[in-house]
Structures are given as C-alpha cells and as structure tokens.
Amino acid sequence: MDMYVIARLKSSYENWEDFFNSDPLSRSNFCDAEKTKTGKIGERSAFIALFDVDERKLSEYLSNNIFEEAYEPYVEAHEIYGLNPTFRLN
C-alpha cells in the first residue's frame, strides 16, 4: 500500500524537513524509506508520500507514544488523503 499524507506543521517547513529527514523513528521498519518523497506545500504544510507500507507494522509504529512525542514539536496534525495500491507517483 502507498500512503499520501499532508502534515500540518507547528514549525517552519525547513525545521520539520530537517527533523523528518533525520528519520528519528526508522521509517524503514514499515515502508520503503528510500522511496519516501516530501514536498513543501506552504510555510506550514508538507506533503509526504510513503511507498510499500506494511499496514501491520505501521499500526504498531503509530500505537506507541514515542511517535506522538517525537513529532509533537513539529506537527499539529497528519491528514491521510489517499491510499491506493494501484496508483504510484513514481
């Protein structure tokens, strides 16, 4: 499954991008991290495309408080806009 997300940011895009690119919680545990794409869609919004997401592993990743604690200073909300295993951006 591929996942497309809008992150509504608390910080500037550049601060969030530095944090996100540091991969603090190892995206490679639940998706193909090398294919991950991000983009700026405003001063306080970012687009994230995740590819080959393992739903079970993602659910485990999101179920602990570590995710919320790590992203809290940077992200107000994550909005999932599309899940479609047959359509790919790349």
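Up top is the structure.
These numbers come from a predicted model, not from an experiment.

**Here we look at the side chain of Asp2**
Along the polypeptide, Asp2 turns up in the segment before strand E1 (3-9). A residue is classified by how much of its surface remains accessible, and Asp2, at 1% relative accessible area, is buried. A distance of 3.1 Å separates a polar side-chain atom of Asp2 from the backbone nitrogen of Asp52.

**Quick notes on the packing of aromatic side chains**
In total, this model carries nine aromatic pairs according to the counting rule given. The interplanar angle of 75° and the centroid separation of 6.3 Å between the aromatic rings of Tyr4 and Phe51 together place this pair among those described as edge-to-face. Placement of Tyr4 in strand E1 and of Phe51 in the loop between strand E3 (45-50) and helix H2 (55-63) is noted, with a sequence separation of 47 residues between them. With relative accessibility at 9%, the residue Tyr4 sits in the buried group. Joined through ring pairs, the aromatic side chains of Phe19, Phe30, Tyr61, Phe67, Tyr71 and Tyr74 make up one cluster.

**Thoughts on the pattern of salt bridges**
Proximity of charged atoms lets side chains of opposite charge pair with each other. Scanning the entire structure with this criterion turns up eight salt bridges. A salt bridge links Glu43 to Lys40, with the shortest nitrogen-to-oxygen separation between them at 2.9 Å. According to the relative accessible area criterion, Lys40 is partly exposed, its value standing at 39%. By sharing partners, the salt bridges in this structure join Glu14, Lys40 and Glu43 into a single network.

**Side note on the pairing of strand E2 (residues 37-42)**
Judged from the five bridges that link them, E2 and E3 form a sheet pairing that is antiparallel. Considered in E3, the bridge of Gly39 is made with Phe47. Hairpin geometry of E2 and E3 is characterised by an intervening segment of two residues between the two adjacent antiparallel strands.

Conventions we followed
- Residues numbered from 1 in each chain as written.
- Predicted model: local features only at pLDDT ≥ 70, side-chain atom pairs only at ≥ 80, totals over all residues.
- Heavy atoms only, no water.
- Helix = DSSP H or I, 4+ residues; strand = E, 2+ residues; numbered from the N terminus.
- Buried < 20%, exposed > 50% of the residue type's maximum accessible area, 1.4 Å probe, protein only.
- Polar contact = N/O pair within 3.5 Å; in protein donor to acceptor, adjacent residues only side chain to side chain.
- Phe/Tyr/Trp six-rings, centres within 6.5 Å; stacked < 30°, edge-to-face > 60°.
- Salt bridge = Lys/Arg side-chain N within 4 Å of Asp/Glu carboxyl O.
- Pairing = 2+ DSSP bridges.

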